[in-house]
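Chain by chain, the residues run as shown.
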Amino acid sequence: MAIKSLAMAFVEELKDIHSAEKQLVHALPRMASNASHEQLRKSIEKHAEQTQKQVERLEQVFASIDRSVDTKACQAMKGIVSEGEELLSEDAAPDVRDALLVESAQKVEHYEIAAYGTLCTWAELLGYDEARKLLHETLEEEKQTDTELTQLATQVVNRDALKAA
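Small disclaimer: the values here were computed from a predicted structure and weren't measured.

Undergrad: Is there a simple way to think about the overall build of the chain in this case?
TA: Counting secondary structure elements, the chain contains 5 helices and 0 strands. Helices and strands appear in the chain in the N-to-C order α-α-α-α-α. Taking the principal axes of its C-alpha atoms as reference, the chain extends roughly 55 × 25 × 20 Å. Burial analysis of the chain (165 residues in total) assigns 44% to the buried set. Sequence separation of 24 or more characterises 80% of the internal contacts of the chain that already satisfy a separation of 6 or more. When the accessible surface of the chain is totalled, it reaches about 8600 Å², and 49% of it is carbon and sulfur. For the chain, the distance from the average site of its 19 positive side-chain charges to the average site of its 31 negative ones is 1 Å.

Undergrad: When you look at the nonpolar core in this model, what are you seeing that I'm missing?
TA: As a rule of thumb, nonpolar side chains are buried together in soluble globular proteins. Judged by nonpolar contacts, the single largest core of 43 residues is most densely connected at F10, L14, L40, M77 and L135. Counting residues per element, the ones that place at least two in this core are α1 (6–33), α2 (38–64), α3 (75–88), α4 (94–126) and α5 (129–163). Ignoring sequence-local partners within four residues, the contact set of F10 consists of V61, I65, L119, W122, A123, L126, Y128, A131 and L135.

Undergrad: Even after reading the chapter, I still don't get α4, so can you show me in this structure?
TA: Counting along an α-helix, one turn takes 3.6 residues, and residues three or four places apart therefore face a common direction. If you check α4, its first and last C-alpha atoms are 47 Å apart, about what 33 residues at 1.5 Å a residue would give, namely 48 Å. Directly after α4, the chain includes G127, whose backbone phi takes a positive value near 80 degrees.

Undergrad: What's the story with the environment of A93 in this structure? I'm lost.
TA: Summarising the element assignment, A93 is placed in the loop between α3 and α4. For the pair formed by A93 and A164, sequence separation is 71 residues and the distance between their alpha carbons is 6.9 Å.

Undergrad: Whenever I open this one, the packing of α4 against α5 confuses me. Can you help?
TA: The packing of two helices is summarised by the inter-axis angle and the distance between the axes. Between α4 and α5, the shortest axis-to-axis distance is 8 Å and the interhelical angle comes to 160 degrees. The angle between α4 and α5 places the two elements in the roughly antiparallel class. The crossing of α4 and α5 is left-handed. Per-class residue counts for the contact of α4 with α5 are 16 nonpolar, 8 polar and 10 charged.

Undergrad: Help me understand the pattern of salt bridges in this model?
TA: When the charged atoms of two side chains lie near each other, side chains of opposite charge can form a pair. Scanning the model with the defined rule gives 14 salt bridges in all. With a shortest N-O distance of 3.5 Å, D70 and K15 are connected by a salt bridge. A residue pair is termed long-range when its members are at least 10 positions apart, and D70 in the loop between α2 and α3 and K15 in helix α1 qualify at 55 residues. Measuring nitrogen to oxygen at the nearest pair gives 3.2 Å for the salt bridge that ties K46 to E148. Of this pair, K46 sits in helix α2 while E148 sits in helix α5, and the two are 102 residues apart along the sequence. One network of salt bridges, in which partners are shared, links E12, K15, D70 and K72.

Rules and cut-offs
Residues numbered from 1 in each chain as written. Predicted model: local features only at pLDDT ≥ 70, side-chain atom pairs only at ≥ 80, totals over all residues. Heavy atoms only, no water. Helix = DSSP H or I, 4+ residues; strand = E, 2+ residues; numbered from the N terminus. Buried < 20%, exposed > 50% of the residue type's maximum accessible area, 1.4 Å probe, protein only. Contact = heavy atoms within 4.5 Å. Areas by Shrake-Rupley, 256 points an atom, 1.4 Å probe, with all protein chains shown as cover. Lys, Arg positive; Asp, Glu negative; His and termini not counted. Charge placed at Lys NZ, Arg CZ, Asp CG, Glu CD. Core = buried A, V, L, I, M, F, W, Y, C linked by side-chain atoms within 4.5 Å. Expected span 1.5 Å × (residues − 1). Axes fitted to C-alpha atoms, helices over the stretch in contact; angles between N-to-C directions. Parallel < 35°, antiparallel > 145°, perpendicular 65-115°, else oblique. Left-handed = near helix turned anticlockwise from the far one by under 90°. Nonpolar A, V, L, I, M, F, W, Y, C, P; charged D, E, K, R; others polar. Salt bridge = Lys/Arg side-chain N within 4 Å of Asp/Glu carboxyl O.

Here you go:
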């Protein structure tokens, strides 16, 4: 399919991030169950709950622009999730595994922040006010999750990983 307009690109990227979020709905519970730090486990579980709401919000975005909900396979998220799965199979000390989980979770957040930031900008340019508001809400949640992960990593997880022998 030829993408001949910004409106078409917007819809294609909505499909992509919808796929990414749906992949995370399945991946995040496994990540949480492998965290040894209680705070990290709770943070990932919180993001899993948010992610389900974000999928629903994306479905509202599709409706707000009179499009049916559609998904195309997000290859980038597939790769990030695959890397996360790979690290869970590593023979790593629990505290080191937690540091790796944070790193993997932040890769997810940074991808999502980039995608939602672009979608917000495009929605504004296209005059999709309701879509922009919904997407901006998710963007702010992703930024907050990234901030929380950074704090958790710098204050607890990375320091404990440093002590691992």
